[in-house]
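Understanding the architecture of this molecule
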Amino acid sequence: MSDAMTRSRRSPNLALPLGDDPLARLATLGPAPLALWELIQLVLRARDPTGRTHAASSIVAAHHSSAQALAAATFEDLAAVVGPRRAGALMAALELGRRAQAAPSTKRPVIHNAADVYKLLSWEMRHLDREHFCVLALNTRHQVVRVATVSVGGLSSAQVHPREVFKEAIRYGAAAIILVHNHPSGDPTPSHDDKQITEQLSAAGTLIGIPVLDHIVIGDGQYTSLREFGLPSR
């Protein structure tokens, strides 16, 4: 076999010299070591292969200094910085990441503690700009059989009715439920209303035989379990 044929069949990461080029570094090392602006540059380069993307990626990274800030950006935010076409490419890449993170596993996740709930829902909920109230329906093995959003509210609250909460639980044959909602402020400290609704829903669950195991408040990079506050009371 000729040397030319051998080279053509080699893995692409062996053909790219490791240097300052983000694509070469990604092919050799994977995406994890790349800086935020380098990842942005690769997305923009796919949309504009002319190579005039270094400045644009630096500008985006300057306006959104972390992956979390970039994920929370709106189309209008990005378009104001790099124009609608590049903003569209970035938004599409971010949405692909969200969908990959939220894609259901072929194996139902098992909830052992509050950290498992946060791991399951944090990417989807931590950057929402409105309060969303969700219910995790669990079977007898504490496997998640359904995640349902039962209320979407304003910047600081969402109206929750026990009927909506337990309608989803009953529909999917839940043996128990966990309540989850986000705080758009990023601070997961539970409010008085959070504690009150936890008690109300726990009492309703006791009456119909579907216990409320916990209530998780998701913030920006952190969470609170109301079980730590003794709620719901037993």
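**As for the side chain of H181**
On the secondary structure map, H181 appears in strand β3 (residues 176–182). At 3.1 Å, the side chain of H181 forms a polar contact with the side chain of H183. Not counting chain neighbours up to four residues away, the residues in contact with H181 comprise M125, E131, H132, F133, D194, H215, I216, V217 and I218.

**Quick notes on the environment of L231**
Locating L231 in the fold gives a position in the segment after β5 (223–225). Residue class for L231 comes out buried when judged on its relative accessible area of 11%. Taking the C-alpha atoms as reference, L231 lies 7.3 Å from D214; in sequence the two are 17 residues apart. Once residues within four sequence positions are removed from consideration, L231 is found in contact with K195, T198, E199, D214 and L226.

**Points about the confidence of the model for the protein**
Per-residue confidence for the protein gives a mean pLDDT of 82, with 83% of residues at or over 70. Confidence over residues 1–18 falls short of pLDDT 50; this stretch has 13 contacts with residues more than four positions distant or in other chains.

**Structural notes on a nonpolar patch on the surface**
Taken together, the side chains of I170, L207 and I208 make up a nonpolar region of the molecular surface, amounting to roughly 350 Å² of accessible area. Locating L207 in the fold gives a position in helix α11 (residues 192–208). Judged by its relative accessible area of 76%, L207 falls in the exposed class.

**What about the packing of helix α10 (residues 162–171) against α11?**
Two numbers describe how α10 lies on α11: the axes approach to 10 Å, and their chain directions differ by 45°. As summarised for this structure, α10 and α11 are arranged oblique, according to the angle between their axes. Crossing of α10 over α11 shows right-handed handedness. Along its contact with α10, which presents P162, V165, F166 and I170, the element α11 presents L201, A204, G205 and I208.

**A word on the pairing of strand β4 (residues 212–218)**
Looking along a regular strand, one sees the side chains alternate between the two faces of the sheet. Counting buried positions over the 7 residues of β4 gives 7, a clear majority of the element. Relative to β4, β3 runs parallel, the two being bridged by 6 bridges. Each residue of the ladder has a partner; that of V180, found in β4, is I216. As for the winding sense of the linkage, the β-α-β connection from β3 through α11 to β4 is right-handed. Here β4 runs beside β5; their pairing, made up of 3 bridges, is antiparallel.

**Some points on the sheet that holds β5**
Here 5 strands make up an open sheet; going across it, the order is β2-β1-β3-β4-β5 and the pairing mixed. Every interior strand has two partners, whereas the edge strands, β2 (144–152) and β5, have only one. Each adjacent strand pair in this sheet contributes to an overall mean axis angle of 20°, direction not counted. Of the pairings in the sheet, the one linking strand β1 (residues 132–138) to β2 comprises 7 bridges and is antiparallel in character. Note that in β2 the partner of C134 across the bridge is T149. Across the sheet, helix α9 (residues 114–125) is in contact with β1, β2, β3, β4 and β5; its angle to β4 comes to roughly 40°. Those strands touched by α11 are β1, β3 and β4, and its axis lies near 155° from that of β4.

**A closer look at the packing of helix α5 (residues 54–63) against helix α7 (residues 75–82)**
Closest axis-to-axis distance for the α5/α7 pair is 10 Å, and the angle between their directions is 135°. Here α5 lies oblique to α7, going by the angle between them. Seen from above, α5 lies across α7 with right-handed handedness. Between α5 and α7, the contacting residues are A56, I59, V60 and H63 on the first element and L78, V81 and V82 on the second. Of the residues assigned to the contact of α5 with α7, the class counts are 6 nonpolar, 1 polar and no charged.

Thresholds applied
Residues numbered from 1 in each chain as written. Predicted model: local features only at pLDDT ≥ 70, side-chain atom pairs only at ≥ 80, totals over all residues. Heavy atoms only, no water. Helix = DSSP H or I, 4+ residues; strand = E, 2+ residues; numbered from the N terminus. Polar contact = N/O pair within 3.5 Å; in protein donor to acceptor, adjacent residues only side chain to side chain. Contact = heavy atoms within 4.5 Å. Buried < 20%, exposed > 50% of the residue type's maximum accessible area, 1.4 Å probe, protein only. pLDDT = per-residue confidence, 0-100. Patch = residues over 30% accessible without salt bridge, like charges linked within 9 Å, V, L, I, M, F, W, Y side chains within 5 Å. Areas by Shrake-Rupley, 256 points an atom, 1.4 Å probe, with all protein chains shown as cover. Salt bridge = Lys/Arg side-chain N within 4 Å of Asp/Glu carboxyl O. Axes fitted to C-alpha atoms, helices over the stretch in contact; angles between N-to-C directions. Parallel < 35°, antiparallel > 145°, perpendicular 65-115°, else oblique. Left-handed = near helix turned anticlockwise from the far one by under 90°. Pairing = 2+ DSSP bridges. Right-handed = clockwise from strand over helix to strand, strands pointing away. Nonpolar A, V, L, I, M, F, W, Y, C, P; charged D, E, K, R; others polar.

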